[in-house]
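Observations on chain architecture
Chain by chain, the residues run as shown.
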Amino acid sequence: MKVFVTAGMGWVEVVTGSMFSGKSSELINRLKMAKYAKQSVVAFKHSSDTRYHENKLASHDKMFIEAIPVTTVEDMEKIFFEKYSDSQVIGIDEIQFFNSGAIEFCEKLADMGKRVIVAGLDKDFKGEPFGDMGELLARAEYVDKLQAICAVCGNPATVSQRLINGEPARADDPIVLVGATESYEPRCRRCHEIKK
Ligand code: ZN
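**What about the nonpolar core?**
Grouped together as the largest cluster of nonpolar side chains are 24 residues, with contacts concentrated most on Val12, Phe44, Met76, Ile92, Ile95, Val118 and Leu136. If you list the elements that add at least two residues to this core, you get β1 (11-17), β2 (41-46), β5 (68-70), α2 (73-83), β6 (89-92), α3 (102-111), β7 (115-121) and α4 (133-139). Among residues more than four places away in sequence, those in contact with Val12 are Cys106, Ala110, Val116, Leu136, Ala140, Glu141 and Tyr142.

Here's what the structure looks like:
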């Protein structure tokens, strides 16, 4: 567990890694710890993530915390400044799903003295930096990169392997494939495949 001592200064911390690396659990854990420390906490999630519950952040290992579902950074900003601007700690899950204003928003909050904790994928299924995540990782004060376990060989996994009908996806396969069964699994550098 990491303990941060606040002295009126804000910062951005990022929890990143592949799918199934425990990012959401770590985010929820940090937010819960802040609550135990009697700090005011607000959490946001992307509204497309309805895996377990509409108004809660959830992890694969069934940890939960209340979270406000939003679609854009603008919505998040509006709700934050209308209702939660006194919050000391702000959590955002699946940050890679948000539009490009996410980095500016995180930095604005940190400049206001807030502790901003975000979780998100660092790489897409091709192994390339996911959207603005590369920049966010550079700008953040603290970064923790978590590993999953490679589904093929058991080594630490750092990439999300996309599978279509059980086969590695091509780099140019469309995001939505009608009639195909799509899945993801964590893989290491050696086992990660992009179909030619
Ligand atoms: Zn492997």
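Next comes the rest of the description.
**Some details on the packing of aromatic side chains**
Tallied over the entire structure, the rule returns three aromatic pairs. Centre to centre, the rings of Phe80 and Phe81 are 5.1 Å apart; their planes meet at 85°, and the pair counts as edge-to-face. Taking the centre distance of 6.2 Å and the plane angle of 80° together, the rings of Phe80 and Phe105 count as edge-to-face. Placement of Phe80 in helix α2 and of Phe105 in helix α3 is noted, with a sequence separation of 25 residues between them. Phe105 carries the same exposure label as Phe80, and that label is buried.

**Looking at the coordination of the zinc ion**
Note on the zinc ion: its protein donors are Cys150 (SG), Cys153 (SG), Cys188 (SG) and Cys191 (SG). The metal-donor distances range over 2.3 to 2.4 Å. The site at the zinc ion holds four donor atoms, and with the angles between them running 102 to 117°, its shape is tetrahedral. All donors of the zinc ion come from a single chain, and their spacing in sequence reads C-x2-C-x34-C-x2-C.

**Details of the side chain of Lys23**
Considering the arrangement of structural elements, one finds Lys23 in helix α1 (residues 23-36). This buried residue, Lys23, is left without a salt bridge; Glu94 holds the nearest opposite charge, at 5.9 Å. Residues in contact with Lys23, not counting those within four places in the same chain, are Val15, Thr16, Gly17, Ser18, Ala119, Gly120, Leu121 and Leu146.

**Brief notes about the environment of Lys56**
Residue position: Lys56 is located in strand β3 (residues 56-58). For Lys56 and Lys32, which are 24 residues apart along the polypeptide, the C-alpha to C-alpha distance reads 13 Å. Leaving out residues up to four positions away in the same chain, Lys56 has contacts with Lys45, Phe64, Ile65, Glu66 and Ala67. Engagement of the side chain of Lys56 in a polar contact is seen with the side chain of Glu66, the distance being 3.4 Å.

Conventions adopted
- Residues numbered from 1 in each chain as written.
- Predicted model: local features only at pLDDT ≥ 70, side-chain atom pairs only at ≥ 80, totals over all residues.
- Heavy atoms only, no water.
- Core = buried A, V, L, I, M, F, W, Y, C linked by side-chain atoms within 4.5 Å.
- Buried < 20%, exposed > 50% of the residue type's maximum accessible area, 1.4 Å probe, protein only.
- Helix = DSSP H or I, 4+ residues; strand = E, 2+ residues; numbered from the N terminus.
- Contact = heavy atoms within 4.5 Å.
- Phe/Tyr/Trp six-rings, centres within 6.5 Å; stacked < 30°, edge-to-face > 60°.
- Donors = N, O, S within 2.8 Å, 3.2 Å for Na, K, Ca; no water.
- Tetrahedral: all angles 85-135°; square planar, octahedral: opposite > 155°, others 65-115°.
- Lys, Arg positive; Asp, Glu negative; His and termini not counted.
- Salt bridge = Lys/Arg side-chain N within 4 Å of Asp/Glu carboxyl O.
- Polar contact = N/O pair within 3.5 Å; in protein donor to acceptor, adjacent residues only side chain to side chain.

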